[in-house]
Amino acid sequence: MLEPLAHIGRDQKTGGYLRDAWSDADLELREWFAGEARRRGLDLHEDRNGNLWAWWGDPSAGRPGVVTGSHLDSVRQGGAYDGPLGVVSAFAALDLLKDRGVTPSVPLGVACFTDEEGARFGVPCMGSRLLTGALSPEKALGLTDDDGDTLADVMKRTGRDPSALGRDDETLAAVGTFVELHVEQGRGLVTEGRPVGVASAIWPHGRWRFDFHGRADHAGTTRLADRDDPMLPFARMTLAARQAAERLGVVATVGKIRVSPGNANAIPGLVSAWLDARGADERAVRDLVAGLAGTASEVSEESWTPVVGFDAALRDRLARVAGGDTPAPILPTGAGHDAGILATAGVLSAMLFVRNPTGVSHAPDEHAERADCEAGVVALADVLEDLCR
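What comes next concerns the included structure.

Turning to the overall build of the chain, a few remarks are in order. Broken down by element type, the chain carries 12 helices and 15 strands. Relative to a compact globule of 389 residues, whose C-alpha radius of gyration would be 21 Å, the chain shows 22 Å and is just as compact. Projected onto its principal axes, the C-alpha positions of the chain cover 80 × 45 × 40 Å. In the chain, which comprises 389 residues, the proportion classed as buried is 53%. In the structure as shown, the chain presents an accessible area of about 16500 Å², 49% of it carried by carbon and sulfur atoms. Of the charged side chains in the chain, 40 are positive and 57 negative; the average position of the first set lies 2 Å away from that of the second.

Structure, rendered in structure tokens:
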């Protein structure tokens, strides 16, 4: 089932994927999702924030449903499994339940959240944050992409109504339990020697924009002593972030910068850099960012997610059901997910991980073996069957 998605948004030179939210590739992936829902006779719904829902049963008729799924957008030059594996596995798990003759006692849903990666507008898990009210529509609509287009502009071009964005209590009420399957972004399951694991918690994490102002000038005629070059404090900040991360026991990454005006023969007037910081200890992450604040002209927090501890009873239940004779291993993760946003909003949520032999993610070498993916589908189907009794 991953095959039809393999070409969508793929960079033929690198093998990576370019699937920004609301891009042509994303719209094609949405059509694929709709087609899979129709083929199975599921009721398809797009909520006011652009998230897609495919239902087996009517979630408005009685008890809230059990939902699984993930996202289809990607980081730029990302891999084939982060997100799509969870959506494809959700449909495959429903197929397996139907083959078993299972009649669920509550509605079963497949979800596809919009803009989970935040690659275009800078805020990760935008669809689930808007759904739960963790992100205000006013802030979301003012976000711009690299071309200067706002989210409102982009949504209008795709025929959506940006004025409808915001917390969606009706949709939330339909979700009793959410289980997200995801390729592991690390090698914990390789160490454990198991194909499937269960998430215990998501580390606190955030993104900050650092702006370094200088004075644009000629690269050849301006003496070193006369320069106000913002690249220098930017470089010092990057090195300081690495040193502070080592000292505090967290991770820090500067993975995106924007240089203006961007001429090879000119001193820049502005350098903007985005810092991603994460760790098991929230205070340590905050201390790292606070210690760097004085290096820049301006610092702004673009997103923050506190530590998410998944419900212990649900987590242990998944480990028993998904593990077969031996409970599945329980692992923490430093990666953010829509399941974490829903859990923070009070939705009973959990996650399954599928083994990643290289541990590489957010890059073209991201991988999962077919047998492990199939084990993930079986584990997900077993969990859904157990939850729907």
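Moving on: the packing of aromatic side chains. This structure, assessed with the given rule, holds eight aromatic pairs. With a centroid separation of 5.2 Å and 55° between ring planes, the pair formed by F33 and F91 is classed as tilted. You can see F33 sitting in helix α1 (residues 24-39) and its partner F91 sitting in helix α2 (residues 84-99), a full 58 residues away along the chain. The exposure class of F33 is buried, given its relative accessible area of 0%. Here the aromatic rings of F113 and F178 are separated by 5.7 Å at their centres, their planes lie at 90°, and the arrangement is edge-to-face. Of this pair, F113 sits in strand β4 (residues 108-113) while F178 sits in strand β5 (residues 175-183), placing them 65 residues apart in sequence. Of the residues examined, F113 reaches a relative accessible area of 1% and is grouped as buried. Given a relative accessible area of 0%, F178 falls into the buried group. When the ring centre of W22 is taken as reference, the NZ or CZ atom of R30 above it lies at 4.1 Å.

In this section: α1. Between the first and last C-alpha of α1 there are 23 Å, a value that for 16 residues agrees with the 22 Å anticipated at 1.5 Å per step. All buried positions along α1 are accounted for by A25, D26, L29, R30, W32, F33, A34, G35, E36 and A37. The inward-facing, buried residues of α1 abut β1 (43-46), β2 (52-56), α2 and β4.

This brings us to the side chain of E366. For E366, the location among the structural elements is in the loop between β15 (348-354) and α12 (370-387). Buried charged residue E366 carries no salt bridge. Nearest counter-charge: R19, at 7.9 Å. Polar contacts involving the side chain of E366 include one to the main-chain amide nitrogen of Y81, which spans 2.9 Å. Those residues within four positions of E366 in sequence are excluded, and the remaining contacts are G79, A80, Y81, D82, V183, N356, V360 and S361.

Right, let's talk about the nonpolar core for a bit. With 48 residues, the main nonpolar core has W32, F33, L72, F91, L318, L352 and L384 as its most contacted residues. Once you skip the residues sitting within four places of it in the chain, F91 turns out to touch M1, W32, F33, E36, A37, R40, L42, A54 and V110. Counting residues in each nonpolar core, the second largest holds 21 residues, with W53, L172, V175 and A339 among its members.

The final tally for this structure, using the stated rule, is two cavities of 30 Å³ or more. Considering the residues around the largest cavity, the lining is formed by D26, L29, R30, G50, L52, L72, D73, C112, F113, T114 and D115. Those elements giving two or more residues to the lining of the largest cavity turn out to be α1 and β4. The greatest single-element share of the lining of the largest cavity, amounting to three residues, is contributed by α1. Reported here for the second largest cavity is a volume of approximately 30 Å³. Together, W22, N49, T114, M126, L130, L151, M155 and L165 line the second largest cavity. Among the elements of the structure, α3 (126-132) and α5 (151-157) are those that each provide at least two residues to the lining of the second largest cavity. Residue composition of the lining of the second largest cavity, by class: six nonpolar, two polar and no charged.

Take the packing of helix α10 (residues 312-323) against α12 next. Between α10 and α12, whose axes approach to 9 Å, the crossing angle comes to 125°. The orientation of α10 relative to α12 falls into the category oblique. The interaxial crossing formed by α10 with α12 has right-handed handedness. Facing L314, R317, L318, V321 and A322 of α10, the residues of α12 in contact are A379, D382, V383, D386 and L387.

This part covers α12. Given a rise of 1.5 Å per residue, 18 residues ought to cover 26 Å, and the 26 Å separating the end C-alpha atoms of α12 matches this to within 8%. Along α12, the residues classified as buried are D372, C373, G376, V377, A379, L380, A381, V383, L384, D386 and L387.

What counts, and at which threshold
Residues numbered from 1 in each chain as written. Predicted model: local features only at pLDDT ≥ 70, side-chain atom pairs only at ≥ 80, totals over all residues. Heavy atoms only, no water. Helix = DSSP H or I, 4+ residues; strand = E, 2+ residues; numbered from the N terminus. Rg over C-alpha atoms; globule rule 2.2 N^0.38 Å. Buried < 20%, exposed > 50% of the residue type's maximum accessible area, 1.4 Å probe, protein only. Areas by Shrake-Rupley, 256 points an atom, 1.4 Å probe, with all protein chains shown as cover. Lys, Arg positive; Asp, Glu negative; His and termini not counted. Charge placed at Lys NZ, Arg CZ, Asp CG, Glu CD. Phe/Tyr/Trp six-rings, centres within 6.5 Å; stacked < 30°, edge-to-face > 60°. Lys NZ or Arg CZ within 6 Å of the ring centre and 35° of its normal. Expected span 1.5 Å × (residues − 1). Contact = heavy atoms within 4.5 Å. Salt bridge = Lys/Arg side-chain N within 4 Å of Asp/Glu carboxyl O. Polar contact = N/O pair within 3.5 Å; in protein donor to acceptor, adjacent residues only side chain to side chain. Core = buried A, V, L, I, M, F, W, Y, C linked by side-chain atoms within 4.5 Å. 1 Å grid on protein atoms, 1.4 Å probe; cavity = no way out; pocket = protein on both sides within 12 Å on 5 of 7 lines; lining within 4 Å. Points joined across faces, edges and corners; volume = space filled by probe spheres on them. Nonpolar A, V, L, I, M, F, W, Y, C, P; charged D, E, K, R; others polar. Axes fitted to C-alpha atoms, helices over the stretch in contact; angles between N-to-C directions. Parallel < 35°, antiparallel > 145°, perpendicular 65-115°, else oblique. Left-handed = near helix turned anticlockwise from the far one by under 90°.

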